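# Observations on the model geometry
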Amino acid sequence: MAAAEERRGEAFRLLPGVDEASRLDSIAPLVEGAEAERELVLGLVRGILEEWRAEIVAGQLDAETLAGRLEGGELARGVASRLARERGGGLWRVVNATGVVLHTGLGRAPVHPEVASAMARAAVGYCVLEVDRFSGARNERDAHLGTLLERLTGAEAGIAVNNNAGAVLLCLQTFAAGRAAVVSRGELVEIGGSFRVPEIMARAGVSLREVGTTNRTRAADYERAAGDGAGLLMKVHTSNYRVVGFTGEVDPAELAEIGRSSGTTTAFDLGSGLLEAAGSAPLDMLGAEPLVRDAVASGIDVVTFSGDKLLGGPQAGLLVGRRAVIDALRRNPIYRALRCDKVTLAGLEATLELYLAGRADELPARRLLRASAAELEPVAARVARFVAALEGFEAEVVPGRSQPGSGSAPGVFLDTPVVCVRHTERSPDELAAALRAGDPPVFARIHDERLHLDPRALLEGDEERLATAFELLASG
Ligand SMILES: *Cc1c(COP(=O)(O)O)cnc(C)c1O
């Protein structure tokens, strides 16, 4: 016992304080920078010393080992690697080789370069956000956006909020706070664990009334619930799963009719929000993804969808529908807390202008989703060629399938030739981790215990970035 205490004391005496450590030859140059940088480095030094102290307390670190660590420069190495991690944080540009075009983890739809320019223009300067340029009078910030939405969807009015979850929250809170919202059991979707309709309802002060069974819901189920004083009848597009087999759901027109005859507001959360694009090819490879225009035409009072899924614009939640309903949403103080900033609005306007100009085909998300296996074949072949030329690597093109992502078009897989990569020594997981931590970072896919590089979501310049990342990987 006493001997253990003695050994511990010896190690403690050897453990430097933060000040002392910061004067070590290996650490001193790191703390010479600006004040904030110095604080960061000292914090990292303190963190490592505290971990070592805890090891001493636990009897896992003796004086001899500690001396070895200090002499071997382990403290400096620890600080350097943590510093690299700290600096590597934030929104780095990455290469998306997962094939998932609308990858929520990687930022969903990349915007069109012209849209990006419009967003940059709004960001660096002033803009007529809430003033009418001609009359000088106060104006709504999304008034012009509303006009564009009306033209594209056939709705009487439209507004935008921060994201579609916000749009749904606004609908629930406006029409069903303190009352019930009726949703089919088959449509109680859970998207990526973070968007649960029942939880959003609870927070919005709305009680949830589930009707029907998981696979079948009938009109009478909604009628009964509406007769009971419900505030909102809601339909949710089951965008990340599909109920198959013996199923039945109430179609939007039928729900709209129940709403009208019972005097209850109706809402349809479309999730993805596929806009009809005049003059461009349909995205029919996505299967039966509902069109916003059709949802509006069904007579539903308000239709909600995301800006950064199939629409292909910046993150936003769009609400279109009857004017009186949109006005009520706008008057809700919650709208003020959910509204979009000028940069997003500029991006949304520019995206919708591309649709109106018949140029929707140019939107990166739509272009990537539509690319055929034959078009992607040469890209995969080029990638396989440069990877295979590197020391220790093998690569071949194999048939694969990409998913659209973001729960858009459930059960839809797009045929894509993918590059299957092998390394003589490193496992697929090791390769994937090294690629993510590399420069530029690359996100690949692991499939059947193999590393796959899927060319579907590669953007302009990404082939070169991929080559740079692999050269670094091969040399490191
Ligand atoms: C994605 C999705 C949402 C959430 O949209 P965000 O824009 O991510 O907030 C809501 N409802 C459905 C049906 C969705 O697919």
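What follows deals with the packing of aromatic side chains. Applying the stated criterion to the full structure yields one aromatic pair. Plain terms: the ring middles of F393 and F470 are 5.7 Å apart, the flat faces sit at 75° to each other, and that makes the pair edge-to-face. Placement of F393 in strand β11 (residues 393–402) and of F470 in helix α19 (residues 462–475) is noted, with a sequence separation of 77 residues between them. Just as F393 is buried, F470 falls in that class too. Over the face of the ring belonging to F413 we find R401, whose NZ or CZ atom lies 4.0 Å from the ring centre.

As far as domains go, the protein holds domain 1 (2–87), domain 2 (95–105 + 368–475) and domain 3 (112–362). For domain 1 versus domain 2, the distance between C-alpha centres works out to 40 Å.

Let us now look at the pairing of strand β10 (residues 317–321). When you tally the buried positions in β10, you get five out of five residues, the bulk of the element. Taken together, the five bridges between strand β2 (residues 157–161) and β10 define a ladder with antiparallel strand orientation. Note that in β10 the partner of I159 across the bridge is L319. Both strand β9 (residues 302–306) and β10 contribute to a ladder of five bridges, which runs antiparallel. When the bridges of β10 are listed, F305 appears paired with L318.

Here the focus is the packing of helix α6 (residues 113–124) against helix α15 (residues 342–356). Helix packing geometry: the angle between the two helix axes and the distance between the axes. Closest axis-to-axis distance for the α6/α15 pair is 8 Å, and the angle between their directions is 150°. By the angle class used here, α6 and α15 are roughly antiparallel. Crossing angle aside, the handedness with which α6 passes α15 is right-handed. Of α15, the residues touching α6 (which contributes E114, V115, A118, M119, A122 and A123) are K342, V343, T344, A346, G347, A350, T351 and L354. Taken together, the residues of the contact of α6 with α15 sort by class into nine nonpolar, three polar and two charged.

Below, the discussion takes up the sheet that holds β11. Taken in spatial order, the four strands line up as β11-β12-β15-β14 in an open sheet, and their pairing is antiparallel. Taken across any chain shown, the strands that pair with only one partner, and hence form the sheet edges, are β11 and β14 (445–447). Strand-to-strand, the axes of this sheet are offset by a mean angle of 40°, without reference to chain direction. Sheet topology note: the β11/strand β12 (residues 414–423) ladder contains ten bridges and is antiparallel. Among the inter-strand pairings, F393 is bridged to a residue of β12, identified as H423. Helix α18 (residues 428–437) rests against β11, β12, β14 and β15 (450–453) of the sheet, and its axis sits at about 40° to β15.

With that settled, the discussion passes to the pairing of β9. Among the five residues in β9, five count as buried, and that is most of the element. Where burial is concerned, the two faces of β9 agree: the one with V302, T304 and S306 and the one with V303 and F305 are both buried. Relative to β9, strand β8 (residues 265–271) runs parallel, the two sharing four bridges. The partner of G271 across the bridge, within β9, is F305. Once you follow β8 into helix α12 (residues 292–297) and on to β9, the crossover reads as right-handed.

Before going further, it helps to examine empty space enclosed by the protein. Taken as a whole, this structure holds one cavity of 30 Å³ or more when the rule is applied. There is about 30 Å³ of room inside the largest cavity. Along its surface, the largest cavity is lined by A97, V379, A380, V383, V419, L453, D454, P455, L458 and L466. The element contributing the most residues to the lining of the largest cavity is helix α17 (residues 373–388), with three residues.

Attention now moves to helix α13 (residues 323–331). Buried residues of α13: V325, I326, A328 and L329, and no others. What you see down the axis of α13 is that its buried residues fit within an arc of 155°, all on one side. Residues of α13 that are buried make contact with β2, α8 (164–176), β8, β9, β10 and α14 (333–338).

Here the focus is the layout of surface pockets. When its volume is computed, the largest pocket comes out at roughly 1500 Å³. If you go around the largest pocket, you meet 49 residues; those closest to its centre are R93, V94, N96, L459 and D462. Among the elements of the structure, α5 (74–87), α6, α16 (364–370), α17, α18 and α19 are those that each provide at least two residues to the lining of the largest pocket. Per-element tally for the lining of the largest pocket: the top contributor is α5, with four residues. Considering only residue class, the lining of the largest pocket consists of 24 nonpolar, eleven polar and 14 charged.

Looking now at unusual backbone geometry. The omega angle of the peptide bond from D439 to P440 is -5°, so this bond is cis rather than trans. For R108, which is not glycine, the phi torsion reads 55° and is therefore positive. Within the secondary structure, R108 is located in the loop between β1 (95–96) and α6. Of note, the phi angle at E449 is positive, near 60°, even though the residue is not glycine. One can find E449 in the loop between β14 and β15.

Basis of the calculations
Residues numbered from 1 in each chain as written. Predicted model: local features only at pLDDT ≥ 70, side-chain atom pairs only at ≥ 80, totals over all residues. Heavy atoms only, no water. Phe/Tyr/Trp six-rings, centres within 6.5 Å; stacked < 30°, edge-to-face > 60°. Helix = DSSP H or I, 4+ residues; strand = E, 2+ residues; numbered from the N terminus. Buried < 20%, exposed > 50% of the residue type's maximum accessible area, 1.4 Å probe, protein only. Lys NZ or Arg CZ within 6 Å of the ring centre and 35° of its normal. Domains from an automatic or database assignment. Pairing = 2+ DSSP bridges. Axes fitted to C-alpha atoms, helices over the stretch in contact; angles between N-to-C directions. Parallel < 35°, antiparallel > 145°, perpendicular 65-115°, else oblique. Left-handed = near helix turned anticlockwise from the far one by under 90°. Contact = heavy atoms within 4.5 Å. Nonpolar A, V, L, I, M, F, W, Y, C, P; charged D, E, K, R; others polar. Right-handed = clockwise from strand over helix to strand, strands pointing away. 1 Å grid on protein atoms, 1.4 Å probe; cavity = no way out; pocket = protein on both sides within 12 Å on 5 of 7 lines; lining within 4 Å. Points joined across faces, edges and corners; volume = space filled by probe spheres on them. Arc of directions from axis to C-beta.

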